[in-house]
Amino acid sequence: MTESILFNAIVFLAGAVICVPLAKKVGLSSVLGYLFAGVLIGPYLLGFVGEEGQDILHFAEFGVVMMLFLIGLEIEPKNFWNMRKTILGMGGAQVIGTMLLSFLMFDLMGFDWKVSLTISMAVALSSTAITLQTLKEKGLFETTYGASSFSILLFQDIIVIFMLGALPLLSNIDESALGAEVEADHASLLDNLPLGLQTLAIILSVVSIVVAGRYLFVPMLRKVANTRVRELLTASALLIVLGISLLMELVGLSPALGAFLGGVVLATSEFKHELESTLEPFKDLLLGLFFMAVGASIDFMVIKENPLGVGGVLMAVIALKAVVLFLVGALFRLKLDQRLLLTVGLAQIGEFAFVLLSFAFQLNILSATQMDTMLVVTALTMVMTPILGILNERLVLPRVGTKESEKRPIDHIAKQHKVILVGFGHFGSTVGRFLRSHGIEATILDFDSNRVDLLRKMGFEVYYGDATRIDLLESAGIAEAKILISALDDPNSTLKLMKMVKKRYPHLELMVRVKNRYEAFELFDMGIENVYRETLDTSVRLASDVLSKMGFRKYTLYRQAQNFIKLDEQSMRRLAKERPKDEKEYIFRVREEIAQQERVMEEDWQRGIYQNDNHWDSEQMRLADEATKKKT
Amino acid sequence: MNSILILFAHPKFEQSRTNKALVRRIESVEGLTFHDLYERYPDFHIDISYEKELLAGHDIVIWHHPMYWYSCPPLLKQWIDLVLEYGWAYGPKGTALKAKKCLNVITTGGTRALYCAEGRNHYSVNEFLRPFEQTARLCGMEYLPPFAVMGTHELTDAELERETCKYEKTIRLLQQGGSSSDLKACDLLNDVPDLN
C-alpha cells in the first residue's frame, strides 16, 4: 500500500467526516465519533492506518497544546491566581489518592513495586483532551464540575513534569548505559546541567514566556495586524504557540503547560478574540486527529490474547479513578450531581500516559507486554469514559435532582454588554464617546490595532478583530446584545456584516452607518430601517453656515436644515421602493444613480425656495389685513 | 450711566419690518449690549453661564420681543426657565439680579385700542405682561412699565420712524437713570412726558 501523506490525510479526513456526524446524529459526543473513526480506519478493521498511528498520535498531541493555549486565553491572570487553592487542593488530592490506590492494586496483583509505581503514575493522569472537549461541547465549562475538572487537569499537567523526571530513578539499568536511543527521544538541553541550574532554566523559561507575552507577542501582533494581511495573523498565532512549545520541550517542561501560560499572558490583550477565532479550527482539527490516532492505536491483538486480563485492569482502573474522584468531590463539597459528573468525566487515563509508558519501557522499567497492555487499557479508558458519561447523564443524573447551572466567578469574556459597536474610526469613536458619556459602555470591535491599543489606554473596552466574522462577534457576546451599531467605513464589509447578522440574529436591533443613499437602498431591501448616511447632516450644516455668513438668520436656517434632512430621508425611502430591483450590473447602477440624483434635484426644485415657512411672518398678516380693509 | 442689556427674541426677525427698524436704531448705541437670542441659540441650546455673566455686567435688562399669543416667543421663555436659576436669581441666596431694573419692549399687531376691557383682547398689555413683572419682582429687580409699539400692521413709515425715535430716546433716558417713580407713573414708557 502506498502510504503517501495525501492518502493518509484522505483516510483521516474521510473517517472524521463520516463518523462524527453519525455520532452526533445518535446523540453521542464528537469525541466518541473520532475515536470510533480511528478504530475503523485502524490496523485491525479496515487497515488503512498501520504502525504510523503512533507518529500521528505524537503529532496530534499538538492539538492538546493548542487547546491549553486557548483555555489560557479565556483565563485572566487574576482569575488564575484565584484558582490556585483549587488547583493545588483538588489536583493534589486526586493525584495522590489515585496513585496510592492503584499502587496498592498493582502491588497486590504481584507486580514489582517499580512497575506498580510507574503504572500508578500513568493511571493518576486524566485526559485533558477528552475532558475539556466534552466540557466545551456540552457548555459545562462554567459549572463547578467544569472548574474542578480544569483545576485537576492543570495540576496533572504540572505534576507530569516531576513524574518524567522521577522515572529514570526507578530504572533498573544504569542511566549512562541507556544509550543514544533514549537520549534522542527525550533529549532536553538541560540533562547535563546540575540540578540547580536546571531549576533556574525552568524558572527563566517560564518568566520569559510571561515577559515575551507582554513585550514581544503583543507588539509583534500589532505590527502584523498593520499589514492587514489576514493569514499573517494566523501564521503569527501558530508561531507563538509553536515557539512556546519548543522552548518548553527544550527545558523539559510540558508544552501544554507552557502554552497555557502563554494564553493567560495574552488573555488581557486586545488580540484575545482574534487569536481565539484564528486558532480554534486548527485546534479542533488536531484534536480530532488526536482522538482518531488514539482509536487507531488500540492493539486488538493484545486484547485477543488476554481479554480477561485487559478487561479486568480496564474495569479496575476506571473504578479506582472514579472512587478517588468521587471522594475528592465530596471533600471539596461538590453537589451530588456535579460530583457524579466529575467522577465519570475524569475517570480515564490521559494522553500523558502514552508518553510516560513508552518512556518507562525505554528505561526498562516496564516489559513490552506490560507496556502494550497498559497502552491498550489507556486507549480503552478513553473510549469508555464518554460512553459512561452518556450512561451517567441518561440513567443516573435524572435521579439525583436538578442539574446545577451556577456560574463560576472565573468568567472568560470580561463583560457582556448590551450594545456592540463595530468599527471605531472617526465615525464609530464619536458614537462610542457619546454613548459612554451616558454611561453606556459598548463592546467595541475594530480592525486597526494601533487604534485599539490607543483606545484601550484611554480606558475604552476595544477588541481587535475582523467583525465580519461571526465567531468573533459571538465571542464578543452578540447573542446577548440588544443593539448592534455598524460604523464600518467599507460598504462591502457593512453589507457582509449586515447580511450575516440579519440571518443569524434576526431580532437584534441594527443601527447602520452608510456612505450614501445607494448603500442605504441595499439595506432597506434587507429590511433594515435604522440607516444613517454619514454625510447628510454634516453637509447640510456646512451649507447652513455658509448661508448664515451670507446674512441668513440662523434660526431660520436651523429649521430649514431640519426640514431639508427630513424631506430628504422621506424622498430616499420613497425612491428606494420605486427603483428597479433587478438591475444589479454596474452599468445599470451608474445610470440609476444619475437618475436618482436627477429626481432628487427635481423634487428640490418643486419645493422651491423656502416659501412654505410663513410662521411668525407679520408682513403676511399685514397684507391680509390690508386686503380685508380694501374690501370693506 | 446705566448699562443696558437688550435680550432680543424674534424667530423671524428678517421679515419683521417694525423690529428691523427698531433694532437698527438702537443696536449701536454706546453702553448698550444688543443680544440676539435666536441668532445666538438657533438650536435653543442656551449657554447659561455666559448669560449669567452678561446679566451680572449690566444694570438694566430689557426683554425685547414681539407679542405672540399674548406672550413672548418660546426661546425667551426658555431663556427665563434656564438662566434665572434658583439660588442665583431667586431663592435665599439668589441675589445676583437684586436692584437691577427690568422691562419689556414689545411689538403688537393689534392697536392699543384693542388692548383694553372694551377691545377684542380684553386686557391691557400691562396685564398680559404680569408674568414678566412677577418674574422680575421675584428676582428682586425693579420692573418698569413696558415700551410698546402697537398696531404694527397699520403703521405708516412716518409713524414707524416716530416710534423708533422714541425707542432711542427711551433707551437714553434709562441710561441717564431718571427717577423710577416718574417712569412708573405711566402705563407705557411711550407716554413718559420727557419723550414727547
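Residues numbered from 1 in each chain as written. Chains lettered and ligands numbered in written order. Predicted model: local features only at pLDDT ≥ 70, side-chain atom pairs only at ≥ 80, totals over all residues. Heavy atoms only, no water.

Chain B carries the name Glutathione-regulated potassium-efflux system ancillary protein KefG in an unreviewed UniProt entry, which gives Pseudozobellia thermophila as its organism.

Under the annotation held in an unreviewed UniProt entry, chain A carries the name Kef-type potassium/proton antiporter, CPA2 family and is attributed to Pseudozobellia thermophila. Looking at chain A in UniProt, the text filed under Subcellular location (unreviewed entry) is "Endomembrane system". What UniProt states about chain A under its Sequence similarities (unreviewed entry) heading is, verbatim, "Belongs to the monovalent cation:proton antiporter 2 (CPA2) transporter (TC 2.A.37) family." (UniProt positions renumbered as here; feature names shortened; annotations may be inferred.)

1. Regarding the overall build of chain A
Looking only at helices and strands, chain A has 27 helices and 6 strands in total. Looking at the 632 residues of chain A, the share that counts as buried comes to 50%. Sequence-distant contacts in chain A: of pairs separated by 6 or more residues, those separated by 24 or more amount to 76%. (Helix = DSSP H or I, 4+ residues; strand = E, 2+ residues; numbered from the N terminus. Buried < 20%, exposed > 50% of the residue type's maximum accessible area, 1.4 Å probe, protein only. Contact = heavy atoms within 4.5 Å.)

2. Some thoughts on the overall build of chain B
Helix and strand counts for chain B come out as 8 helices and 6 strands. Along its sequence from the N terminus, chain B presents helices and strands in the succession β-α-β-α-α-β-α-β-α-α-β-β-α-α. Going through the 196 residues of chain B one by one, you find that 55% of them count as buried.

3. Remarks on the packing of aromatic side chains
Geometrically, a pair of aromatic rings is defined through the distance of the ring centres and the angle of the planes. Overall, the coordinates contain 18 aromatic pairs over all chains when judged by the stated rule. Measuring from centroid to centroid gives 5.7 Å for Tyr555 of chain A and Phe44 of chain B, while their planes differ by 35°, and the two rings are tilted. Placement of Tyr555 of chain A in helix H25 (residues 554-578) and of Phe44 of chain B in the loop between helix H2 (37-40) and helix H3 (48-56) is noted, with the two residues assigned to different chains. On the basis of relative accessibility, which here comes to 10%, the residue Tyr555 of chain A falls in the buried class. Residue classification places Phe44 of chain B among the partly exposed positions, given a relative accessible area of 21%. Centroid distance Trp69 of chain B to Tyr70 of chain B: 6.4 Å. Interplanar angle 75°. Geometry classified as edge-to-face. Accessibility expressed as a relative area gives 80% for Trp69 of chain B, which makes it exposed. Its relative accessible area of 34% is what places Tyr70 of chain B among the partly exposed residues. By way of ring pairs, the aromatic residues Trp69, Tyr70, Tyr115, Tyr123 and Phe128 of chain B are connected into one cluster. Cation over ring: Arg339 of chain A sits above Phe326 of chain A, and NZ or CZ is 5.0 Å from the ring centre. (Phe/Tyr/Trp six-rings, centres within 6.5 Å; stacked < 30°, edge-to-face > 60°. Lys NZ or Arg CZ within 6 Å of the ring centre and 35° of its normal.)

4. Thoughts on the interface of chain B and chain A
Contacts between chain B and chain A engage 18 residues on the former and 18 residues on the latter. Around 1800 Å² of area is buried between chain B and chain A when both sides are counted, 49% of it from carbon and sulfur atoms. Looking only at chain B, the three residues that lose the most surface to chain A are Lys12, Glu39 and His153 of chain B, adding up to 37% of its buried area. Here chain B is connected to chain A by 2 salt bridges. (Buried area = accessible area lost by both parts, 1.4 Å probe. Salt bridge = Lys/Arg side-chain N within 4 Å of Asp/Glu carboxyl O.)

5. Looking at the environment of Val61 of chain B
Residues and elements named next belong to chain B. Tracing the sequence through the fold places Val61 in strand E3 (residues 60-66). The sequence separation of Val61 and Leu5 amounts to 56 residues, and the corresponding C-alpha distance is 5.0 Å. With residues near it in sequence (within four places) discarded, Val61 still touches Leu5, Leu7, Leu55, Lys101, Cys102 and Leu103.

6. Examining the nonpolar core
Residues and elements named next belong to chain A. If you look at the biggest cluster of nonpolar residues, it comprises 144 residues, and the most contacted ones within it are Phe69, Leu167, Phe291 and Met374. Looking at which domains feed residues into this core, each of domain 1 (5-170 + 193-399) and domain 2 (419-607) supplies at least three. Residues within four places of Met374 in sequence aside, it is in contact with Phe106, Ile119, Val123, Val313, Ile349 and Leu357. (Core = buried A, V, L, I, M, F, W, Y, C linked by side-chain atoms within 4.5 Å. Domains from an automatic or database assignment.)

7. A look at the pattern of salt bridges
According to the stated counting rule, one finds 25 salt bridges over all chains in the structure shown. In this structure, Asp568 of chain A engages Arg533 of chain A in a salt bridge whose closest nitrogen and oxygen atoms are separated by 2.8 Å. Here Asp568 of chain A is found in helix H25, whereas its partner Arg533 of chain A is found in strand E6 (residues 531-533), with 35 residues between them in sequence. For the pair shown, Asp568 of chain A and Arg533 of chain A are each scored as buried. With a closest N to O distance of 3.0 Å, Glu133 of chain B and Arg130 of chain B form a salt bridge. Placement of the pair is Glu133 of chain B and Arg130 of chain B together in helix H6 (residues 130-138), with a separation of 3 residues, close to one helical turn. Judged by its relative accessible area of 17%, Glu133 of chain B is buried. Where salt bridges share partners, they join Arg517, Glu529, Arg533, Asp568, Glu569 and Arg573 of chain A into one cluster.

8. Notes on unusual backbone geometry
All names here are of chain A. Phi angles above zero are rare outside glycine, and Asn364 is one such case at about 70°. Along the chain, Asn364 turns up in the loop between helix H17 (352-362) and helix H18 (368-396). A residue is classified by how much of its surface remains accessible, and Asn364, at 41% relative accessible area, is partly exposed.

9. Here we look at the pairing of strand E4 (residues 483-486) of chain A
Residue and element names in this part refer to chain A. Taken together, the 4 bridges between strand E1 (residues 419-422) and E4 define a ladder with parallel strand orientation. Among the inter-strand pairings, Leu421 is bridged to a residue of E4, identified as Ile485. Examined bridge by bridge, E4 and strand E5 (residues 509-514) share 4 bridges and lie parallel to one another. When the sheet's bridge partners are listed, Ile485 is paired in E5 with Met511. (Pairing = 2+ DSSP bridges.)

10. What to know about the side chain of Ser126 of chain A
Residue and element names in this part refer to chain A. Its place among the elements puts Ser126 in the loop between helix H6 (113-124) and helix H7 (128-138). Of the residues examined, Ser126 reaches a relative accessible area of 1% and is grouped as buried. At a separation of 3.0 Å, a polar atom in the side chain of Ser126 contacts the main-chain carbonyl oxygen of Leu346. Once residues within four sequence positions are removed from consideration, Ser126 is found in contact with Gln94, Leu153, Gln156, Lys321, Leu346, Gln348, Ile349 and Gly350. (Polar contact = N/O pair within 3.5 Å; in protein donor to acceptor, adjacent residues only side chain to side chain.)

11. Remarks on the confidence of the model for chain B
Here chain B averages 93 in pLDDT, while 99% of its residues score no lower than 70. Our summary of model confidence lists the complex with pTM equal to 0.52 and ipTM equal to 0.84. (pLDDT = per-residue confidence, 0-100.)

12. Structural notes on the side chain of Ser102 of chain A
All names here are of chain A. Structurally, the position occupied by Ser102 is in helix H5 (residues 84-108). Judged by its relative accessible area of 0%, Ser102 falls in the buried class. A polar side-chain atom of Ser102 sits 2.8 Å from the main-chain carbonyl oxygen of Thr98. The contacts of Ser102, once residues within four sequence positions are left out, are Ser120, Val123 and Leu320.

13. Remarks on a nonpolar patch on the surface
Residue and element names in this part refer to chain A. A cluster of nonpolar side chains, Phe36, Ile387, Leu391, Leu395 and Val396, forms an exposed patch at the surface whose accessible area comes to about 400 Å². Note on placement: Val396 falls in helix H18. The class for Val396 is partly exposed, based on a relative accessible area of 36%. (Patch = residues over 30% accessible without salt bridge, like charges linked within 9 Å, V, L, I, M, F, W, Y side chains within 5 Å. Areas by Shrake-Rupley, 256 points an atom, 1.4 Å probe, with all protein chains shown as cover.)

14. Overview of the confidence of the model for chain A
All names here are of chain A. When pLDDT is averaged along chain A, the result is 80; 86% of the residues meet or exceed 70. Across chain A, the element-wise mean pLDDT spans from 43 in helix H9 (residues 180-185) up to 95 in E5. Here residues 175-187 scores under 50 on pLDDT; set against residues more than four positions off or in separate chains, the count is 12 contacts. This model gives residues 402-417 a pLDDT under 50, and the stretch forms 41 contacts once residues within four places in sequence are excluded.

15. Some words on the pairing of strand E1 (residues 4-8) of chain B
Working note: regular strand, side chains alternate between the two faces of the sheet. Residues and elements named next belong to chain B. Counted residue by residue, E1 has 5 buried out of 5 residues, so it is predominantly covered. Residue alternation in E1 divides its side chains into two sets, Ile4, Ile6 and Phe8 and Leu5 and Leu7, and both sets are buried. Relative to strand E2 (residues 32-36), E1 runs parallel, the two being bridged by 5 bridges. When the bridges of E2 are listed, Ile4 appears paired with Leu32. Of the crossover connections in this fold, the one passing from E1 over helix H1 (residues 17-26) to the parallel E2 is right-handed. Relative to E3, E1 runs parallel, the two being bridged by 5 bridges. When the sheet's bridge partners are listed, Leu7 is paired in E3 with Trp63. (Right-handed = clockwise from strand over helix to strand, strands pointing away.)

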